Amino acid sequence: MTDEMFSLKGKTAWVTGAAYGIGYAIAKAYALCGAKIVFNCSRQETVDRGLKAYAEDGIDAKGYVCDVTDEQAVQECVKRITEEVGPVDILVNNAGIIKRIPMTEMDAADFRRVIDVDLTGAFIASKAVIPSMIERGGGKIINICSMMSELGRETVSAYAAAKGGLKMLTRNIASEYGAYQICCNGIGPGYIATEQTAPLREIQPDGSRHPFDRFIISKTPAGRWGTPEDLMGPAVFLASAASDFINGQILYVDGGILSYIGRQP
Ligand code: NAP
Ligand code: GCO
């Protein structure tokens, strides 16, 4: 065993939705381990924001405007990535949205959009890279799942359904393509301080912490929100040769929240 097991030198890593937040941290970790970085977002301004951030971090990343729910656009994006950078060795299905609406008040269109981005998008992107991975003897696919792959809570029915489905898509890709040395695993972040969870951490008018913020702190043994940087090591591990015999697993990076019944009041 050497540290080469964790090297990503010469690999092309495509992290969807990696302009900022969790995806950006994962892509930065991959760059630090030697990978070539490509990412996509659905909006030009977000791609531009990401390119600026990568450049400031000294990372030569390529960004593409591509909505992961548009299969033709994804196929064309993968063709461009292959021509301009190289075949995708590592795919991280990170792009995701959430809509926090009580189920009985949620339009079916809103429900479908969350499922489309968070679940179907991962199917579309994975389908686009698997044939090339098979031809080249293998690859790594990492799906960014969630606490909501295991738990429900009020107002996140679509998101939980999508992330629960993403857990099973992870297992099914592992089952269907493991024989081709394709490893498909998931990372289940706990509550991470990003733009997506900013509304849950807003300081209240009286200067106090958001009730949900206090709730998560109490439910997390680590006593804090996670940061995108907490995901860097687990993501490198699952993208590297160090995890070649791990397939279909979800690695929860949650500060212990899933294991904890909660402090006695
Ligand atoms: P974020 O800050 O909201 O960033 C989401 C990224 O995805 C943005 O770059 C966004 O760019 C992109 N995106 C959204 N829809 C897209 C689409 N249709 N096609 C392509 N790109 C798209 O999210 P985050 O907090 O970093 O979370 C990243 C992933 O981790 C998500 O899958 C989320 O569900 C999951 N997660 C987050 C947490 C947490 O606590 N933050 C915990 C567990 C899991 P555009 O809007 O420009 O497309
Ligand atoms: C929410 C949060 C969570 C996190 C994450 C937890 O509203 O409950 O957004 O869903 O995003 O998925 O793992």
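The structure under discussion appears in the preceding block.
Residues numbered from 1 in each chain as written. Chains lettered and ligands numbered in written order. Predicted model: local features only at pLDDT ≥ 70, side-chain atom pairs only at ≥ 80, totals over all residues. Heavy atoms only, no water.

A. Structural detail: the site of ligand 2. Of all residues adjacent to ligand 2, which total 14 residues, the nearest are Arg-100, Ser-146, Arg-153, Tyr-159 and Tyr-191. At 2.8 Å, a side-chain N or O of Tyr-191 approaches an oxygen atom of ligand 2. The protein chains hide 96% of the 330 Å² of surface that ligand 2 would expose on its own. For the shell around ligand 2, the per-class residue count stands at eight nonpolar, four polar and two charged. (Near = heavy atom within 4 Å. Polar contact = N/O pair within 3.5 Å; in protein donor to acceptor, adjacent residues only side chain to side chain. Areas by Shrake-Rupley, 256 points an atom, 1.4 Å probe, with all protein chains shown as cover. Nonpolar A, V, L, I, M, F, W, Y, C, P; charged D, E, K, R; others polar.)

B. Just the site of ligand 1, in detail. The immediate surroundings of ligand 1 are formed by 29 residues, with Ser-42, Thr-46, Asn-94, Tyr-159 and Thr-194 found nearest. At 2.5 Å from an oxygen atom of ligand 1 is found a side-chain nitrogen or oxygen belonging to Thr-46. Taking Val-68, its main chain carries an N or O atom lying 3.1 Å from a nitrogen atom of ligand 1. Isolated, ligand 1 exposes 890 Å² of accessible area, and the fraction of that covered by the protein chains is 94%. Elements that contribute at least two residues to the shell around ligand 1 include exactly helix H1 (21–32), strand S2 (36–41), helix H4 (108–135) and helix H5 (157–177). Per-class residue counts for the shell around ligand 1 are 14 nonpolar, eleven polar and four charged. (Helix = DSSP H or I, 4+ residues; strand = E, 2+ residues; numbered from the N terminus.)

C. Region of the structure containing the packing of aromatic side chains. Enumeration over the complete set of coordinates arrives at six aromatic pairs. Taking the centre distance of 5.1 Å and the plane angle of 45° together, the rings of Phe-39 and Tyr-54 count as tilted. Taken together, the positions of Phe-39 in strand S2 and Tyr-54 in helix H2 (residues 44–56) put the pair 15 residues apart, joining distant regions of the chain. Tyr-54 sits in the buried class, given a relative accessible area of 0%. Geometrically, the ring pair formed by Tyr-177 and Tyr-180 is tilted, given 6.2 Å between the ring centres and 35° between the ring planes. Ring-pair connections join several aromatic residues into one group, and the members of that group are Tyr-191, Phe-212, Phe-215 and Trp-225. Over the ring of Tyr-20 we find Arg-49; its NZ or CZ atom is 3.9 Å from the centre of that ring. When the ring centre of Trp-225 is taken as origin, the NZ or CZ atom of Arg-201, which lies over that ring, is 5.3 Å away. (Phe/Tyr/Trp six-rings, centres within 6.5 Å; stacked < 30°, edge-to-face > 60°. Buried < 20%, exposed > 50% of the residue type's maximum accessible area, 1.4 Å probe, protein only. Lys NZ or Arg CZ within 6 Å of the ring centre and 35° of its normal.)

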